[in-house]
Amino acid sequence: SGRLRLHPKAVMFKFNKSGKIDQYDASDICEVQWMKASRGHQLLVLTNSNSVVKFLGLDEKSKDDIKKFIKNQYNAVFLEKEPFVKGWNWGNAEFNGPLLTFQNDTKPIFEIPLSDVSSATVNKNEVTLEFHQDDDNDLNLVEMRFFVPQPSDETIDQAENFHNSVMRYADVIQATGDVIVKFSQVLLQTPRGRYDIDMYPTFLRLHGKSYDYKIPYSTIIRLFLLPHNDNRSVYFVITTDPPIRQGQTRYPHIVIQFNKDDWSDLALELDEDTIAQKYDGKLQKEMAGPTYETFSKVMKAVVGQKVFVPGTFQSSKGNQAVACSHKANAGHLYPLEKGFMYVVKPPVHIRFDEVGSVNFSRVASGVGQNRSFDLEVETKSGANYVFASIEKQEYSKLFDFMKAKKIRIQNNKGDENFQDDFGDGSDSDKDDMPDHYLEKMKAEGKERDSDETSSDDEDFVAGDTPDTSPSSSSSQSEAESSKKKRKVLKETEIRTKERKKKSSGEKAAPRKKTDKKAPKDPNKPKKPPTPYFLWLADNRAGIKEKNPGISVTEIAKKAGEMWRSVSSSERQKYEDKCSELKKDYDEAMRQYNKEQAKNPYKPEKTPKQSKPSSDKTSYKSKATVDTDEDLSTTDDEKTTKEPENEKKRKREEPNTSKPDKDSDDESDSDVKTEGSESESAKSPPPKRSMRKHGKASAPAGDLPDDMSDEAEFTDGEEPISSSGSDSD
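Residues numbered from 1 in each chain as written. Predicted model: local features only at pLDDT ≥ 70, side-chain atom pairs only at ≥ 80, totals over all residues. Heavy atoms only, no water.

A. Representation of the overall build of the protein chain. Check the secondary structure of the protein chain and you find 15 helices and 32 strands. When the 728 residues of the protein chain are sorted by exposure, 35% land in the buried category. Sequence-distant contacts, at least 24 apart, represent 50% of the contacts inside the protein chain between residues at least 6 apart. A total of about 46900 Å² of accessible surface is found on the protein chain, and carbon and sulfur atoms cover 47% of it. (Helix = DSSP H or I, 4+ residues; strand = E, 2+ residues; numbered from the N terminus. Buried < 20%, exposed > 50% of the residue type's maximum accessible area, 1.4 Å probe, protein only. Contact = heavy atoms within 4.5 Å. Areas by Shrake-Rupley, 256 points an atom, 1.4 Å probe, with all protein chains shown as cover.)

B. Structural view of the packing of helix H9 (residues 531-546) against helix H10 (residues 552-564). Direction vectors running N to C along H9 and H10 enclose 115°, while the axes themselves pass 10 Å from each other. Between H9 and H10 the crossing geometry is right-handed. Between H9 and H10, the residues in contact are Pro531, Tyr532, Trp535, Leu536, Arg540, Ile543 and Lys544 and Ile555, Ala556, Lys558, Ala559, Gly560, Met562 and Trp563, respectively. (Axes fitted to C-alpha atoms, helices over the stretch in contact; angles between N-to-C directions. Left-handed = near helix turned anticlockwise from the far one by under 90°.)

C. Spatial organisation of the packing of aromatic side chains. Counted by the stated rule, this structure contains 30 aromatic pairs. With a centroid separation of 6.0 Å and 90° between ring planes, the pair formed by Phe373 and Tyr395 is classed as edge-to-face. Taken as a pair, Phe373 in strand S29 (residues 372-379) and Tyr395 in helix H5 (residues 395-404) lie far apart in primary sequence, 22 residues in all. On the basis of relative accessibility, which here comes to 2%, the residue Tyr395 falls in the buried class. Consider the rings of Trp535 and Trp563, whose centres lie 5.6 Å apart with planes at 55°: the pair is tilted. (Phe/Tyr/Trp six-rings, centres within 6.5 Å; stacked < 30°, edge-to-face > 60°.)

D. The arrangement of the sheet that holds strand S8 (residues 92-96) in detail. One open sheet holds the three strands; their spatial order is S8-S9-S10, and the pairing between them is antiparallel. Sheet topology places S8 and strand S10 (107-113) at the edges, where each strand pairs with a single neighbour. Each strand of the sheet is rotated relative to its neighbour by a mean of 25°, with strand direction disregarded. Two strands pair when backbone bridges link them, and S8 and strand S9 (residues 99-104) are joined in this way by five bridges, in the antiparallel orientation. By the bridge assignment for S9, Glu94 is matched with Thr101. (Pairing = 2+ DSSP bridges.)

E. Region of the structure containing unusual backbone geometry. That bond from Asp241 to Pro242 is cis: its omega, 5°, falls within 30 degrees of zero. Position of Pro242 relative to the elements: it lies in strand S19 (residues 233-246). Note the cis peptide between Lys345 and Pro346, where omega equals -10°. Turning to its location among the elements, Pro346 is positioned in the loop between strand S26 (339-343) and strand S27 (348-351). Positive phi is not limited to glycine here, since Ala328 has a value of about 65°. With respect to the helices and strands, the residue Ala328 is situated in the loop between strand S24 (322-326) and strand S25 (329-335).

F. Local environment of the sheet that holds strand S3 (residues 21-25). The sheet built from three strands is open, its strands ordered S1-S2-S3 with antiparallel pairing. Each having just a single partner strand, strand S1 (2-7) and S3 make up the two edges of the open sheet. Averaged over neighbouring strand pairs, the angle between their axes works out to 10° when direction is ignored. Note: S1 against strand S2 (residues 10-15), six bridges, orientation antiparallel. Each residue of the ladder has a partner; that of Leu4, found in S2, is Phe13.

G. Representation of the nonpolar core. Core analysis: the biggest nonpolar cluster contains 38 residues, and Ile256 and Met299 have the highest contact counts within it. Secondary-structure elements contributing two or more residues to this core are strand S14 (181-190), strand S15 (193-199), strand S16 (203-207), strand S17 (212-216), strand S18 (220-227), S19, strand S20 (249-259) and helix H4 (291-303). Looking at which element gives the most residues to this core, the answer is H4, with seven residues. Excluding residues that lie within four positions of it along the chain, Met299 makes contacts with Met199, Leu204, Ile220, Leu223, Phe236, Ile238 and Gly304. Counting 24 residues, the second-largest nonpolar core is a separate cluster that includes Val348, Leu375, Leu398 and Met402. (Core = buried A, V, L, I, M, F, W, Y, C linked by side-chain atoms within 4.5 Å.)

H. Highlighting H10. The terminal C-alpha atoms of H10 lie 19 Å apart, and with 13 residues this matches the ideal 18 Å at 1.5 Å per residue to within 8%. Residues of H10 that are buried: Ile555, Ala559, Gly560 and Trp563. The buried side chains of H10 occupy one side of the element, clustering within an arc of 135° when seen end-on. Turned more than 90 degrees away from the buried face of H10, the exposed residues are Thr553, Lys557 and Arg564. Residues of H10 that are buried in the fold lie against H9 and helix H11 (568-598). (Expected span 1.5 Å × (residues − 1). Arc of directions from axis to C-beta.)

I. Main features of the pairing of S26. In terms of burial, S26 is largely enclosed, as five of its five residues are buried. Side-chain alternation along S26 places Gly339, Met341 and Val343 on one buried face and Phe340 and Tyr342 on a second face that is also buried. Turn length for the S25-S26 hairpin, with the two strands adjacent in sequence and antiparallel, is three residues. Bridging between S26 and S27 involves four bridges; their strand directions are antiparallel. Considered in S27, the bridge of Phe340 is made with Ile350.

J. Seen up close, the packing of H9 against H11. Running from N to C, H9 and H11 point in directions that differ by 110°, and their axes come no closer than 8 Å. Relative to H11, H9 is oriented roughly perpendicular. Considering how the two elements wind past one another, H9 and H11 form a crossing that is right-handed. Across from Pro531, Leu534, Trp535, Asp538 and Asn539 in H9, the residues of H11 making contact are Glu570, Tyr574, Glu575, Lys577, Cys578 and Leu581. By residue class, the composition of the contact of H9 with H11 is six nonpolar, one polar and four charged. (Parallel < 35°, antiparallel > 145°, perpendicular 65-115°, else oblique. Nonpolar A, V, L, I, M, F, W, Y, C, P; charged D, E, K, R; others polar.)

K. Main features of a negative patch on the surface. The grouping of Asp59, Glu60, Asp64 and Asp65 at the surface amounts to a negative patch. Tracing the sequence through the fold places Glu60 in the loop between strand S6 (52-58) and helix H1 (63-73). (Patch = residues over 30% accessible without salt bridge, like charges linked within 9 Å, V, L, I, M, F, W, Y side chains within 5 Å. Salt bridge = Lys/Arg side-chain N within 4 Å of Asp/Glu carboxyl O. Lys, Arg positive; Asp, Glu negative; His and termini not counted. Charge placed at Lys NZ, Arg CZ, Asp CG, Glu CD.)

L. Main features of the side chain of Ser325. Its place among the elements puts Ser325 in strand S24. With a relative accessible area of 19%, Ser325 lands in the buried category. The residues contacting Ser325, other than those within four sequence positions of it, are Ala330, Gly331, Tyr342, Val386, Phe387, Ala388 and Ser389.

M. Local environment of the pattern of salt bridges. In the structure shown here, the tally under the stated rule is 15 salt bridges. Between Asp230 and Arg232 there is a salt bridge; the shortest N-O distance is 3.9 Å. With a closest N to O distance of 2.7 Å, Lys405 and Glu337 form a salt bridge. Here Lys405, found in the loop between H5 and helix H6 (415-420), pairs with Glu337, found in the loop between S25 and S26; they are 68 residues apart in sequence, far enough to count as distant. Via salt bridges that share partners, Lys14, Arg351, Asp353 and Glu354 belong to a single interconnected network.

N. Structural context of a positive patch on the surface. Side chains of Lys282, Lys300, Lys306 and Lys338 sit close together on the surface and give a patch of like positive charge. Tracing the chain through its elements places Lys282 in the loop between helix H3 (272-277) and strand S22 (286-290).

O. Up close: the environment of Arg5. Along the polypeptide, Arg5 turns up in strand S1. Between the C-alpha atoms of Arg5 and Gln23, which are 18 residues apart in sequence, the distance is 9.6 Å. Leave out the neighbours within four places in its chain, and Arg5 touches Ala10, Val11 and Met12.

P. A look at the confidence of the model for the protein chain. Scored by pLDDT, the protein chain comes out at a mean of 74, with 68% of its residues at no less than 70. Of all secondary-structure elements in the protein chain, the lowest mean pLDDT belongs to H6, at 41, while S26 reaches the highest, 94. Note on residues 452-475: pLDDT under 50 across the span, and 44 contacts to partners over four residues away in sequence or across chains. Across residues 613-641 the pLDDT falls below 50, and counting only partners more than four positions away or on other chains, this stretch makes 36 contacts in the model. (pLDDT = per-residue confidence, 0-100.)

See the structure below:
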């Protein structure tokens with residue numbers, strides 16, 4: 001993916017991932033084709049130099065602008081083609097230079113740029129084509145076979161003729177011909193090992209003990225020559241797109257290490273005419289010099305790319321790189337003129353045009369000032385790279401370099417103040433320069449101490465003492481982590497105190513109630529459903545009919561699969577419907593907001609239900625019950641509410657005579673109300689002894705604690721509560 005730009009002098013495309021720019025001169029463009037493709041529309045450009053370029057994913061609305069621009073600015077033909085969509089697999093093969101078009105009824109079924117063909121073989125009437133693989137794609141076309149019939153009246157082999165037409169423009173890598181030059185047993189850092197490097201006219205071959213790699217020169221996008229800080233070795237970095245692969249591991253950067261003392265005498269397998277014409281005199285028949293220099297010269301000539309070297313940056317020690325570590329591996333960071341290059345493992349190249357910002361952060365040390373810092377680089381795409389353990393003497397050099405390149409620095413609080421934070425670059429921890437970071441941490445520690453002493457809880461909790469030593473993270477993150485730790489410890493202590501109070505019988509302090517969510521206004525308009533849910537509402541019944549007994553989760557899965565395969569036209573119908581509902585919703589919300597501004601919604605407060613009273617009341621005596629006119633419970637209701645075990649007990653008791661109504665010892669008996677029925681139900685009913693003369697008394701030990709010892713009952717009558725329910 002990338003960005004396409006049509007310029008009066010050229011057609012340019014810049015890749016988002018690698019930053020590589022492909023450029024095609026306007027004078028070299030001979031034909032432009034516009035056709036509907038699987039991803040919108042495609043723009044196919046054919047050049048006089050027999051190259052074919054496809055640009056996919058264009059919008060149909062841009063067709064008129066592109067057509068007008070090409071006709072006015074380029075001396076090229078603009079054709080609009082309609083694809084053949086009947087799905088047939090037979091037709092005619094037409095070769096239009098480097099483009100193979102398989103068509104039926106003059107409509108193209110598919111087109112193949114022959115530069116994508118890596119191999120072609122013929123077997124009788126069948127021709128097999130193999131294609132280059134793109135590691136960035138999940139799916140790749142690997143192979144395609146064509147059956148070429150041979151007419152009886154033709155003497156020319158049609159299959160062989162088809163094969164020759166393909167091979168004329170195919171990008172076939174063949175390890176044939178003479179090797180220009182060979183370097184034996186060269187040390188590679190990535191991929192690790194020693195390889196023989198063979199340079200052919202069109203590709204580079206790495207031959208090792210376990211793996212072989214063929215790298216076309218067309219896939220090499222950058223070359224770097226980087227001196228090591230030890231002044232004894234040199235790195236040569238080759239950047240490829242697509243990267244080479246070793247199993248599932250990809251290597252976008254090939255890092256070769258040379259010793260400065262190694263010497264090479266080369267004899268190139270090229271004649272003088274080829275050197276003068278093809279390589280423009282950049283090579284010599286015989287070359288001698290340090291190995292890294294001769295290798296760089298040959299690579300620059302055969303690849304046709306510039307070799308990037310470090311620019312004006314110099315570290316505090318006079319080197320062109322700073323020592324650091326990335327992902328726990330030690331290496332060197334090279335600030336170049338157009339980007340950062342980190343070697344050795346894993347190699348990283350970051351262009352300045354994709355850098356969003358950089359940040360200088362501290363690294364924890366024992367006491368006093370830090371001896372090192374981190375450089376964090378954040379790209380515009382959101383990727384983060386951290387280069388750690390850079391010596392603090394390099395801060396001023398890197399800061400000035402970033403400032404000169406106009407790179408945004410996040411923690412640039414003023415050059416002088418921030419530079420003082422790192423000191424003057426000396427190694428001593430006892431310098432006179434103030435450490436503002438340490439002073440800030442001490443101030444935060446004093447504030448925490450004052451907050452703790454002024455709080456109500458004065459108990460000492462282990463771990464609450466603020467640590468004023470320097471930390472690797474920023475002061476804000478340290479303060480937040482310490483606050484969270486103290487909060488957890490205090491909550492644990494409060495819960496422990498509450499448990500102790502409960503065990504000792506004391507009442508714990510009531511906890512603060514958390515704020516509940518505000519109730520929703522029932523009159524507030526609801527948001528409209530998405531296009532998917534509108535489609536699901538129309539198709540849910542059909543899914544159930546086709547799949548009887550399907551569960552709700554299976555319906556959701558099935559509907560998701562069906563929604564992905566919905567055509568763009570049908571999907572657009574639901575999107576239009578959703579947009580209409582969205583307009584209605586926006587209008588309803590505007591009306592609702594106006595009404596709320598005048599008369600805001602206030603939720604109704606639900607009254608709290610009162611708990612049943614636990615106060616004790618007394619049962620009334622017979623005389624009181626007979627004369628009480630406010631009782632709402634009749635004898636029939638009392639009978640129906642009487643427990644079954646009580647009825648059974650009465651049936652089993654012998655029928656005795658009625659007791660005397662004129663009893664001098666008759667008195668009111670106090671029992672619990674219905675709020676304490678659970679306690680009464682636990683105790684057994686009082687035992688009653690029936691006399692012939694009519695008095696019935698219960699032993700004091702069998703009565704409940706809240707009943708009088710002198711309570712008397714008449715035969716067949718029970719005490720009645722004021723609420724009309726039975727109770728023992």
